[in-house]
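Results of the structural survey
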There are 2 protein chains.
Amino acid sequence: MDRRQRRTRSLIFKAFTALLERKSYTSVTVQEIIDEADIGRSTFYAHFETKDELLKAMCRDIFDHVFSEEIMSEEHHDFSDKDSFQDHITHILCHLQEKQQSIKGIFSGECGEIFMRYLKEYLYQVFDRQLTDVEDIPRTYRLNHAVSSFAETVRWWLKEHSEYSPEQISRFYFESVDI
Amino acid sequence: MDRRQRRTRSLIFKAFTALLERKSYTSVTVQEIIDEADIGRSTFYAHFETKDELLKAMCRDIFDHVFSEEIMSEEHHDFSDKDSFQDHITHILCHLQEKQQSIKGIFSGECGEIFMRYLKEYLYQVFDRQLTDVEDIPRTYRLNHAVSSFAETVRWWLKEHSEYSPEQISRFYFESVDI
DNA sequence: ATAGATATAGAACAATGTGTTCGGTAACAA
DNA sequence: TTGTTACCGAACACATTGTTCTATATCTAT
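Owing to the predicted nature of the structure, the values given are computational and were not obtained by experimental measurement.

Some details on the layout of surface pockets
Taken as a whole, the largest pocket spans an internal volume of roughly 780 Å³. Among the elements that make up the lining of the largest pocket, the one with the highest residue count is helix 9 (residues 139-160) of chain B (9 residues). Class assignment of the residues belonging to the lining of the largest pocket gives a composition of 8 nonpolar, 8 polar and 16 charged. Space inside the second largest pocket adds up to approximately 290 Å³. If you trace the second largest pocket, you find 14 residues lining it, with A:Tyr25, A:Thr26, A:Glu110, B:Thr26 and B:Glu110 closest to the centre. For the lining of the second largest pocket, the elements supplying multiple residues, two or more each, are helix 4 (51-66) of chain A together with helix 4 (51-66) of chain B. Considered class by class, the residues forming the lining of the second largest pocket number 6 nonpolar, 2 polar and 6 charged.

A look at the protein's contact with DNA strand C
Residues in close proximity to DNA strand C total 20 residues, the closest being B:Gln5, B:Thr8, B:Gly40, B:Ser42 and B:Thr43. Of all atoms in DNA strand C that approach within 4 Å of the protein, 61% are sugar or phosphate atoms. In the model, a phosphate oxygen of DNA strand C is placed 2.8 Å from a nitrogen or oxygen of the B:Gln5 side chain. Counting only elements with at least two residues in the surface near DNA strand C, the list comes to helix 1 (3-22), helix 2 (30-37) and helix 3 (41-47) of chain A together with helix 1 (3-22) and helix 3 (41-47) of chain B.

A word on the domain arrangement of chain A
Accessible area lost upon the coming together of the parts is a frequently used measure of interface size. Residues and elements named next belong to chain A. As far as domains go, chain A holds domain 1 (3-48) and domain 2 (64-176). On a C-alpha basis, the centroid separation for the pair domain 1 and domain 2 is 29 Å. Domain 1 puts 6 residues into the contact, and the matching count from domain 2 is 6 residues. Of the roughly 500 Å² buried between domain 1 and domain 2, counting both surfaces, carbon and sulfur atoms make up 58%. In terms of surface lost to domain 2, no three residues of domain 1 exceed Leu 20, Glu 21 and Tyr 25, which account for 69% of the buried area on that side. Seen at the junction of domain 1 and domain 2, the total is 0 salt bridges. Counting across the interface, domain 1 meets domain 2 through 0 residue pairs in polar contact (both at pLDDT 80 or more).

Quick word on the protein's contact with DNA strand D
Not every one of the 20 residues close to DNA strand D is listed here, only the nearest: A:Gln5, A:Thr8, A:Gly40, A:Ser42 and B:Arg4. A share of 61% is what sugar and phosphate atoms reach among the atoms of DNA strand D within 4 Å of the protein. In this structure, a base oxygen belonging to DNA strand D sits 2.5 Å away from a side-chain N or O atom of A:Ser42. In this structure, B:Arg4 approaches DNA strand D through a side-chain N or O atom, which is 2.7 Å from a base oxygen. Contributing elements (two or more residues each) for the surface near DNA strand D: helix 1 and helix 3 of chain A together with helix 1, helix 2 (30-37) and helix 3 of chain B. Classifying every residue of the surface near DNA strand D gives 3 nonpolar, 10 polar and 7 charged.

A look at the interface of chain A and chain B
Facing the 27 residues of chain A at the interface are 27 residues of chain B. Both faces considered, chain A and chain B share a buried interface measuring about 2,500 Å² in area, 53% of it formed by carbon and sulfur atoms. A per-residue breakdown of the area chain A buries against chain B is headed by A:Glu113, A:Tyr141 and A:Trp156, which together make up 24% of the total. On the surface where chain A and chain B come into contact, there are 4 salt bridges. A salt bridge links A:Lys120 to B:Glu152; the nearest nitrogen and oxygen atoms lie 3.2 Å apart. Where chain A touches chain B, the interface holds 9 residue pairs in polar contact (both at pLDDT 80 or more). Elements that contribute at least two residues to the side of chain A that touches chain B include exactly helix 8 (112-128), helix 9 (139-160) and helix 10 (166-176) of chain A. Considering each element in turn, the side of chain A that touches chain B owes the most residues, 10 residues, to helix 9 of chain A. In terms of residue class, the side of chain A that touches chain B is built from 8 nonpolar, 10 polar and 9 charged.

What counts, and at which threshold
- Residues numbered from 1 in each chain as written.
- Chains lettered and ligands numbered in written order.
- Predicted model: local features only at pLDDT ≥ 70, side-chain atom pairs only at ≥ 80, totals over all residues.
- Heavy atoms only, no water.
- 1 Å grid on protein atoms, 1.4 Å probe; cavity = no way out; pocket = protein on both sides within 12 Å on 5 of 7 lines; lining within 4 Å.
- Points joined across faces, edges and corners; volume = space filled by probe spheres on them.
- Helix = DSSP H or I, 4+ residues; strand = E, 2+ residues; numbered from the N terminus.
- Nonpolar A, V, L, I, M, F, W, Y, C, P; charged D, E, K, R; others polar.
- Near = heavy atom within 4 Å.
- Polar contact = N/O pair within 3.5 Å; in protein donor to acceptor, adjacent residues only side chain to side chain.
- Domains from an automatic or database assignment.
- Contact = heavy atoms within 4.5 Å.
- Buried area = accessible area lost by both parts, 1.4 Å probe.
- Salt bridge = Lys/Arg side-chain N within 4 Å of Asp/Glu carboxyl O.

Here's what the structure looks like:
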């Protein structure tokens, strides 16, 4: 990737993140992003077709880091006991905490929906292999329950209760849910 | 309320609901709602300032029915045991099922966020009184967990697994969460 | 039944934001 | 150095929004 492209892309991301901290997603216009990033109008559209595509690209960037190869690779998926899985989850929480500044703005308002959807897509893969079966409760229900409540835990944590450590959050979660 | 106002309001709600079943919230324009409802442009704006206000009004209408006085009133809140609380939840699920047609479209895409926020606001009141305390886990965490996972349960149910009965959903939930 | 109030229709309008195009300039890579 | 590619920025057509206005239809209360 061209150095100029990386620079522009980064400028757009930073501008967008900054704007989301003081305005709602819908109210942010492309023009404002352009002004904040201090780039040309046509340059923005050379990178992203719409504001929505920009948001999606940002989510992908974040999750590609959080759920990096190291974490998702097969070799790390022989969780024989519950504890090692919990460590795995704690590890993911640490990565999320690193990205907190970028994430915080995205959570609020309307674009939280898109962010959460992406987050859940990754989480489905992580939880699907670990989930046990329980009689008389559909597996799809339990999977949705585990993934959703974890995603909401993350939101609750990073949005307004970041005083807790990843280890504490992990403990809260595993004491509240049967995996 | 004037008969004409009720009629117009109903036409707008129906048009909006119909549009949300085949298009995403963002892509629906005020003009389309006007055309679908077959009303004048100024009439729409006499009722709602923006599309967002319309969505909020629809959510309020739905929840005012689902969490009606009968359900929320103090006299029905002496749940001495877990079972009667579960019955209460089942009752709410029945009301939600009645409104399924209106709700289904709202769930999808971007406006699900707003709908879920409203739903959770009501649920906080319902769950707050019933929630027990657990050592070493913050009450706010447990409340958020109970409310969020119930709200997500509702979404999962009405959106793609409506083959289950309110009683079944209630059972799935209470076997997955400690209240 | 009539009169006064109110809701609606529909056209016209300014204002704003969107997405594209194009020619010129600057930065890159080989 | 040379060809390629990204950026700039102005201009443009277009869609959508939200307001204003007058005429008409419909309600409510007496």
